[in-house]
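Take a look at the letters that make up each chain.
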Amino acid sequence: MRQDPFGRGDRRQSTRPPRRRFGMRIVIVALFAAYGAYYYFSNRTVDPVTGEKVLIDRSLDIEDEKSLGLQAYQEIMGQERPVDPDSEVAKEVRLIAERLIAKVDAVEAELAREHGLEPTRFSETFDWEVNVLESDQANAFCLPGGKMAVYTGLLPVAQNSDALAVVMGHEIAHALLRHGAQRMAQQRLTQIGQMAGSLSGMDPQQQQMAMAAMGYGYLLPYARKHETEADNVGLLLAAAACFDPHQAVPLWERMSAASGGQSQPEFASTHPNPGTRIQTLEGLMPKAMEYRAKFCEDAGGEAALAR
């Protein structure tokens, strides 16, 4: 057999396996991309409250979602210390929650009507419960199924029942809009991307860069969108329950001051910055006042937030 003095025969032999591996990588990535696209488009549905298409896994029904919410709530309650349910502050928080919950159906139906859609009545099966938890956190939450809590650290920042109602309305809106289920579907897509990167032979640094690009380009904007949706629906809900929506603006000014005025750049955060939030809420104020005029009736008087 004739030898090539320049070793070209050896180079042809050595380059074939990498070429095959490279081709296999493309096939793997293409298969995962096709599966990701199928998952994405086959699990899209229209949310009547926002009028937009959202990603929710069709295999996750309402009872499953409620069960997950209850499980998370029980874990939190096992770790946190609730205040005495007969205390003045617990009674006042429950009163605010009751007023908000009483308007959920009306606000959901009105928003769906504005989009020419029928409401899902998703919250009709919720088993509502609210507790006040002893903590310095200026926070609150509402899980799927209606399990809610307000941390005592939020009370001095809220300062009044109207501002607290805005925060609690925001948290109820998260549950009403099924943001938890949307995040679960989003995590499924992320896992598909991670598996594609791992099986395609990408090194850890490449995978990290790809996930960072996905985070800044898709995951974080998606989270900020959820926060804005909850701000909007929560403000309308508070207004419909006879609370003053104008208290949302000074609330977020105080929230910003409580954090020391320091926060991540908005593009790197899961939440809009306070300035963006305030601007959005101010733009929604005329509509909030319309909801207040339309749905607010005697709700038993204004709740005086215990300080």
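Everything discussed here concerns the structure shown above.
Residues numbered from 1 in each chain as written. Predicted model: local features only at pLDDT ≥ 70, side-chain atom pairs only at ≥ 80, totals over all residues. Heavy atoms only, no water.

(A) Quick peek at the overall build of the chain. Scanning the chain from N- to C-terminus turns up 10 helices and five strands. Counting only residues that meet the buried cut, the chain has 43% of its 307 residues in that class. At a minimum sequence separation of 6, the contacts of the chain that also span at least 24 residues come to 74%. Only carbon and sulfur atoms are counted for the fraction: they give 54% of the accessible area of the chain, which is about 16500 Å². (Helix = DSSP H or I, 4+ residues; strand = E, 2+ residues; numbered from the N terminus. Buried < 20%, exposed > 50% of the residue type's maximum accessible area, 1.4 Å probe, protein only. Contact = heavy atoms within 4.5 Å. Areas by Shrake-Rupley, 256 points an atom, 1.4 Å probe, with all protein chains shown as cover.)

(B) Local environment of the sheet that holds strand β3 (residues 129-133). With mixed pairing, three strands are arranged side by side in an open sheet as β3-β5-β4. Lying at the two open borders of the sheet, with one neighbouring strand each, are β3 and β4 (140-143). The average angle at which neighbouring strand axes cross in this sheet is 15°, direction not considered. The pairing of β4 with strand β5 (residues 147-151) spans four bridges and is antiparallel. Counted as the bridge partner of A140 is V150 from β5. In the packing of helix α2 (residues 62-79) onto the sheet, the strands contacted are β3, β4 and β5, and the crossing angle to β4 comes to about 145°. (Pairing = 2+ DSSP bridges. Axes fitted to C-alpha atoms, helices over the stretch in contact; angles between N-to-C directions.)

(C) Up close: the packing of helix α4 (residues 104-114) against helix α10 (residues 274-295). Put simply, α4 and α10 touch, their axes get as near as 12 Å, and they point 125° apart. Compared by their axis directions, α4 and α10 come out oblique. Like other packed secondary-structure pairs, α4 and α10 cross with a definite hand, here right-handed. For the pair α4 and α10, the contacting residues are A106, V107, E110, L111, R113 and E114 in the first and K287, Y291, K294 and F295 in the second. (Parallel < 35°, antiparallel > 145°, perpendicular 65-115°, else oblique. Left-handed = near helix turned anticlockwise from the far one by under 90°.)

(D) Layout of helix α3 (residues 88-101). Between its first and last C-alpha, α3 extends 20 Å over 14 residues, near the 20 Å set by a 1.5 Å rise per residue. Every buried residue belonging to α3 is among V89, A90, E92, V93, I96, A97, R99 and L100, and all of these are buried. (Expected span 1.5 Å × (residues − 1).)

(E) Focus on the nonpolar core. Grouped together as the largest cluster of nonpolar side chains are 56 residues, with contacts concentrated most on V93, L100, V150, L164, M168 and L235. Counting residues per element, this core draws most heavily on helix α6 (residues 161-176), at 10 residues. Not counting residues up to four positions away in its chain, the partners in contact with L235 are V166, P245, A248, L281, L284, M285 and A288. The next biggest cluster of nonpolar side chains, apart from the first, holds seven residues, and it includes Y39, A185, L189 and I192. (Core = buried A, V, L, I, M, F, W, Y, C linked by side-chain atoms within 4.5 Å.)

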